[in-house]
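Residues per chain are reported as follows:
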Amino acid sequence: MEERDIMEVDVLFVGGGVASLSGALHLTNLINAHNEKVDKEGQGEKIDELMIAVLEKSSYLGAHALSGAVMDPSPLKELIPDFKEKGAPLDAEVTGEDVCLLTKNGMIKAPITPPPLNNHGNYIVSLSKLTEWLAGIVEESGVNIFPGFAATEVLYDGDRVIGVRTGDKGIDANGDKKGNFEPGIDLQGKVTVFGEGTRGSLTKTLIKKFNLDEGKNPDSYVVGVKEVWEIPEGSFKPGHVIHTMGYPLKSNTYGGGFVYGMNDTQIAVGLLTGLDYEDPYLDPHLMFQKFKMHPYIAKIFKDGKMVQYGAKTAPVGGYFSIPKLAFEGGVIIGDSANLFISQKIKGVHVAMKSGMLAAETIFEALLKNDFSEAQLSNYERALYASQIGKELYKVRNFHQAFEKGLWVALFKAGLQFILGGRILKNRLTTKPDYIHQKSVKEVYGTDSPTDEQKGLIKFDGQNTFDKETDVYYSGSTHEEQQPSHLKILDLDICYNKCLPEFQAPCQRFCPADVYDMSIDEETGKPSMKINFSNCLHCKTCDVKDPFANITWVPPEGGGGPKYTMM
Ligand code: SF4
């Protein structure tokens, strides 16, 4: 048994995204306000100085944060009323918006902005910049932030969560200790808050252990592939927002594109692709490149230069896919809890607010010294009663309505808006994303579709890029001498089932060229190579493998993309 250091903390936030940071800051503010009140009134008991800790796998806060993003600032205003004076990195206030349907070469603009996509009063932000800025304020408030440490295991005392273990550092590709070996440490807290972001690897194990998804719809995700471009001043208005439906996605694929004017010379452009798609040859990165080639979009990039690339999944299953959020010793917040409003394409404000509501419950728990499930469930009740709970309920069937394709969905989305979320029946059920995948034969009528059928294009290196080039612009690096963090459970399934039926779709759905299946010319034997160093931590493979044969686990702390403007 490895000797491990144990660090005792009071409240432990796992994951350093905006959900955890907002929670940690709100909790600190609540405790300070309480203690000041006790001092002033001379009544009640003060809360002793606490150790609140935030654990983050990336090398600096914000390095793994990626979103569109147009942010509703309400929770930020509540948390930091003088956020502007404190220099919040808000790129631009939304000044105008277009919603368009793209055909292959044409475009139909909606005469009015559908109310859910009305972004008046919202801000275009880079989530990586916002996270880094918020982390600075959180640290100043006395919270301990530990970047570069990946939580790899949940610690239990019986059925009570008591903290997490961080991953060992200095293990080579064969699993042997290197000279710089450092065992992970055990961080133990009275309460552990899981804010790991989308498809949290520890959250998955908690959901399984405590049956937190019993009676719920399965998770569902989109993968967003995004670039930031520098463009000549005057080419695109700061604060302008474009949302598109249609091309290059077929009408049976959920998703859409966006272009956001960040400032005078920078834009964010991206495409979301629903991972419940059927076509094993669909490649979300390729779709994104095609989106940029559409004449209406391509003209925006003229004389521009791509400066950063990234990808991430976002949970779009909605209200009915939110797991139970509390258990003995812990709660789940943000994207890890599937808290995302897919109709509005927004998760940042929901994540922040969920962290703050969790903080309010933890504050009460500290006063009572009670960290039981019964006490921590107040967080779940508060969340459903809050404005975001109501927003989530109102559009509870939004994503499920797309299962029958775009046109049916647009009709249903309109009905849903009028009927407050109720379409024919109160709850539309759905299947996990990977179950939707069809075989190559089913989709193309042949096992050998042509390049034209697959819709392949040549990348010009100016406006469109291959995955390898794009990954370079994500800054992603990992210590090469470590075991792969992409765990293929059974390679036999890859070679003998997935290859003949689906032709190794991991090579397409991964936006970072991590999976490479080659066939030996002489023996005809397949072999899989995993270029894990490219990984963007987007989690698409964990969601979309047709046999659920890939599990994403955190690599050695500090590895992964180095976003600065995503
Ligand atoms: Fe995303 Fe998986 Fe590819 Fe990493 S390996 S970039 S998590 S799809």
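Each residue is numbered by its place in its chain's sequence as written, counting from 1. Side-chain atom pairs in this predicted model are given and counted only at pLDDT of 80 or more, local residue features only at pLDDT of at least 70, and totals for whole chains, interfaces and linings cover all residues. With hydrogens and water excluded, all non-hydrogen atoms of the structure serve as input to the side-chain values.

> Hey, could you run me through helix 7 (residues 348-368) in this one?
An α-helical segment advances 3.6 residues per turn. Residues three or four places apart therefore align on the same side. Note on conventions: DSSP H or I runs of at least 4 residues are helices, E runs of at least 2 residues are strands, and numbering of each starts at the N terminus. By this rule the span expected of a helix is its residue count minus one, scaled by 1.5 Å. Over its 21 residues, helix 7 extends 31 Å from the first C-alpha to the last, a length consistent with the 30 Å expected when each residue adds 1.5 Å. Burial status follows relative accessibility: with a 1.4 Å probe on protein chains alone, a residue under 20% of its type maximum counts as buried, one over 50% as exposed, and anything between as partly exposed. Buried residues dominate helix 7, accounting for 17 of its 21 residues. Asn369 sits one or two positions beyond helix 7 and adopts a positive phi of about 50°.

> Teacher, can you tell me more about the sheet that holds strand 20 (residues 305-315) here?
Hydrogen bonds along the backbone pair up the strands of a sheet, which may run parallel or antiparallel. Spatial ordering of the open sheet is given by 7-6-17-18-19-16-20, a layout of seven strands whose pairing is mixed. Each edge of the open sheet carries a strand with a single partner, namely strand 7 (107-109) and strand 20. Each strand axis lies, on average, 20° off the axis of its neighbour in the sheet, ignoring direction. Two strands are said to pair when DSSP picks up at least two bridges between them. In this structure, strand 6 (residues 96-102) lies alongside strand 17 (residues 240-246), joined through seven bridges in parallel fashion. When the bridges of strand 17 are listed, Val99 appears paired with His243. Relative to the sheet, helix 5 (residues 284-293) contacts strand 6, strand 16 (221-230), strand 17, strand 18 (255-263), strand 19 (266-274) and strand 20, its axis offset from that of strand 19 by approximately 130°. Think of each axis as a best-fit line through the C-alpha atoms, taken over the contacting stretch in the case of a helix, with angles from 0 to 180 degrees between the N-to-C directions. Only heavy atoms enter the contact rule, under which two residues are in contact if any of them lie within 4.5 Å.

> Looking at this structure, how should I read the packing of aromatic side chains?
By convention here, two paired aromatic rings are described through the distance between centres and the angle between planes. Note on aromatic pairs: the rings of Phe, Tyr and Trp (six-membered ring only in Trp) are paired at centre separations within 6.5 Å, and the planes decide the class, stacked below 30 degrees, edge-to-face beyond 60, tilted for the rest. Applying the stated criterion across every chain yields a total of 12 aromatic pairs. Taking 5.3 Å as the distance between ring centres and 20° as the angle between the ring planes, the aromatic pair formed by Phe210 and Phe327 counts as stacked. Within this pair, whereas Phe210 is found in helix 4 (residues 201-210), its partner Phe327 is found in strand 21 (residues 326-327), the two being separated by 117 residues in sequence. When its relative accessible area of 19% is taken as the criterion, Phe210 is described as buried. Classification of Phe327 as buried rests on a relative accessible area of 1%. Counting every residue linked through ring pairs, the aromatic cluster contains Tyr156, Phe194, Phe210 and Phe327. The rule is short: NZ of Lys or CZ of Arg within 6 Å of the ring centre and within 35 degrees of the ring normal puts a charge over the ring. For Lys177, the ring lying beneath its charged end belongs to Phe181, and the centroid distance is 4.9 Å. Just above the ring of Tyr393 sits the side chain of Arg396; from NZ or CZ to the centre is 3.9 Å.

Geometry only, nothing functional implied.
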